[in-house]
Amino acid sequence: MSKTKKIHNRKTWFRGLKCFLKLFVPKPKFVYLGESITKPSIILSNHVGASAPVKYELYFKENFRFWGTYEMNSGLKSVYKYLSTVYFHQKKHKGKFVSKLIAFFACPFANLFYKGLNLISTYKDHRFKNTIKESIKTIQNGQNLIIFPEDSSKGYFDNLTQFFAGFVVLAKMFYKKGIDLPIFVSYYRKKDKTFVIDKPINFSDLVKTGLNKYEIAKMLCNRANALATIDINNIILLKRT
């Protein structure tokens, strides 16, 4: 695979919508602790509710596609159900009535936004093979994957408790094909509106640790938490945008 190619996988109307949204969403800083992203990679990030995905979509300069739950990629009815019962109630801890009310008004815009994302749907059952298939095609097309692997079932927390290991399964499949994917761990720090992006880790180096997929996921989760408190002012930055 060569250097990331310029692939316009967002439709014209959606790129116009993004320009409008930038009037209301401040631009974050992107601070790299090592090399920048120059070839197709897996990028892991915390979620911070909708903050990290929206800011990545509006301001990240590299070509990429998101992994995201299939409910938000399955039409208006599915989006409303997910927002009202899962996102606002379970994750944002709003009351049931308030969650349904907010979801009613937010649903049309959220559905429109997700239609424009060209999202790769994720599943918790046998359909995950579809996620893997689409992800392989995306990487082979020269694009990056941005994945939010944290366990947010009980809400979004600054200190991440767990990473799900689906991204390890994907990287392992590429490794078996002779492709050693770089993995970048990132953390969005809401307090200073900064994405801190760690030095890349080749999957082969993770294999050498002898850890299983769950232990690898835990190790990278711990690294993400470390990025939350690192003093970026005392680090020689190789790239900053």
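Rules used in this analysis
Residues numbered from 1 in each chain as written. Predicted model: local features only at pLDDT ≥ 70, side-chain atom pairs only at ≥ 80, totals over all residues. Heavy atoms only, no water. Helix = DSSP H or I, 4+ residues; strand = E, 2+ residues; numbered from the N terminus. Rg over C-alpha atoms; globule rule 2.2 N^0.38 Å. Buried < 20%, exposed > 50% of the residue type's maximum accessible area, 1.4 Å probe, protein only. Contact = heavy atoms within 4.5 Å. Areas by Shrake-Rupley, 256 points an atom, 1.4 Å probe, with all protein chains shown as cover. Lys, Arg positive; Asp, Glu negative; His and termini not counted. Charge placed at Lys NZ, Arg CZ, Asp CG, Glu CD. Phe/Tyr/Trp six-rings, centres within 6.5 Å; stacked < 30°, edge-to-face > 60°. Lys NZ or Arg CZ within 6 Å of the ring centre and 35° of its normal. Patch = residues over 30% accessible without salt bridge, like charges linked within 9 Å, V, L, I, M, F, W, Y side chains within 5 Å. Salt bridge = Lys/Arg side-chain N within 4 Å of Asp/Glu carboxyl O. pLDDT = per-residue confidence, 0-100. Pairing = 2+ DSSP bridges.

Asker: I keep staring at the overall build of the protein and nothing clicks. Help me out?
Answerer: Along the backbone of the protein there are eight helices and nine strands. On C-alpha atoms alone, the protein measures out to a radius of gyration of 18 Å, which is about the 18 Å that the 2.2 N^0.38 rule sets for 241 residues. For the protein, the spread of C-alpha atoms along the three principal axes comes to 50 × 45 × 35 Å. Expressed as a percentage of the 241 residues in the protein, the buried residues total 49%. Within the protein, residue pairs in contact and separated by at least 24 positions form 77% of the contacts whose partners lie at least 6 positions apart. Counting every atom, the protein has about 12700 Å² of accessible surface; 57% of that belongs to carbon and sulfur. Side chains of the protein give 42 positive and 15 negative charges; the mean places of these two sets differ by 7 Å.

Asker: Mind showing me how you'd approach the packing of aromatic side chains here?
Answerer: Each aromatic ring pair is summarised here by two numbers: the centre-to-centre distance and the angle between the ring planes. One pass over the structure, following the stated rule, counts 20 aromatic pairs. On the basis of an interplanar angle of 40 degrees and a centroid distance of 4.6 Å, the ring pair of Y188 and F195 is categorised as tilted. For Y188, a relative accessible area of 2% translates into the label buried. Members of the aromatic cluster, joined through ring pairs, are F30, Y56, F60, F64, F66, F148, Y188 and F195. A cation sits over an aromatic face here: R10 above F64, 5.0 Å from the ring centre. Between the NZ or CZ atom of R127 and the centre of the ring of Y70, over which it lies, the distance is 4.8 Å.

Asker: When you look at a nonpolar patch on the surface in this model, what are you seeing that I'm missing?
Answerer: A surface patch of nonpolar side chains, amounting to about 640 Å² of accessible area, comprises F97, V98, L101, I102, F104 and F105. Relative to the assigned elements, F104 resides in helix α4 (residues 96-117). Accessibility expressed as a relative area gives 55% for F104, which makes it exposed.

Asker: Got a minute to help me understand helix α6 (residues 166-176) in this structure?
Answerer: Helical periodicity: at 3.6 residues per turn, an α-helix aligns residues three or four positions apart in one direction. Restricting attention to buried positions, one finds in α6 the residues G166, F167, V168, L170, A171 and F174. Two residues or fewer after α6 comes G178, characterised by a positive phi angle close to 90 degrees.

Asker: Mind showing me how you'd approach a positive patch on the surface here?
Answerer: On the surface, K29, K92, K94, K190 and K193 cluster together into a patch of positive charge. On the secondary structure map, K190 appears in the loop between β6 (182-189) and β7 (194-197). Assessed through its relative accessible area of 54%, K190 is described here as exposed.

Asker: Any chance you could explain unusual backbone geometry here in plain terms?
Answerer: Most peptide bonds take the trans configuration, and most residues that are not glycine carry a negative phi. We note that V48 has phi near 50 degrees; this positive angle belongs to a residue other than glycine. Position of V48 relative to the elements: it lies in the loop between β2 (42-44) and α2 (51-59). Backbone geometry at H93 places phi at a positive 60 degrees, although glycine is not the residue there. Its location among the elements puts H93 in the loop between α3 (76-91) and α4. Judged by its relative accessible area of 53%, H93 is exposed.

Asker: I would appreciate a short explanation of the confidence of the model for the protein in the present structure.
Answerer: Interpretation of the predicted coordinates at a detailed level should be avoided for regions scoring low in pLDDT. The pLDDT averaged across the protein works out to 90; a share of 93% of its residues lies at or above 70. Considering only residues more than four positions removed or in separate chains, one finds that residues 1-6, a stretch of pLDDT under 50, has 19 contacts. Below a pLDDT of 50 lies the segment residues 236-241, which in the model reaches 17 contacts outside its immediate sequence neighbourhood of four places, other chains included.

Asker: What should I look at first to understand the side chain of K55 in this one?
Answerer: Of note, K55 is situated in helix α2. The charged side chain of K55 is buried without a salt bridge, its nearest counter-charge being D192 at 11 Å. Excluding residues that lie within four positions of it along the chain, K55 makes contacts with V25, P26, P28, F60, Y188 and F195.

Asker: Mind showing me how you'd approach the pairing of strand β3 (residues 64-69) here?
Answerer: On a regular strand, one side chain projects to one face of the sheet and the next to the other, so that they alternate. Counting buried residues in β3 gives five out of six residues, a clear majority hidden from the surface. Judged from the three bridges that link them, β3 and strand β5 (residues 144-147) form a sheet pairing that is parallel. Looking at β5, one finds that R65 is bridged to L145. Here three bridges tie β3 to strand β4 (residues 120-122), and the two strands are oriented parallel to one another. Of the residues in β4, the one forming a bridge with W67 is I120.

Asker: Just to check I follow, could you spell out the environment of F167 for this structure?
Answerer: Inspection of the secondary structure puts F167 in helix α6. Filtering out sequence-adjacent residues up to four positions away, F167 remains in contact with I42, L44, W67, I147, P149, I183, A217 and L220.

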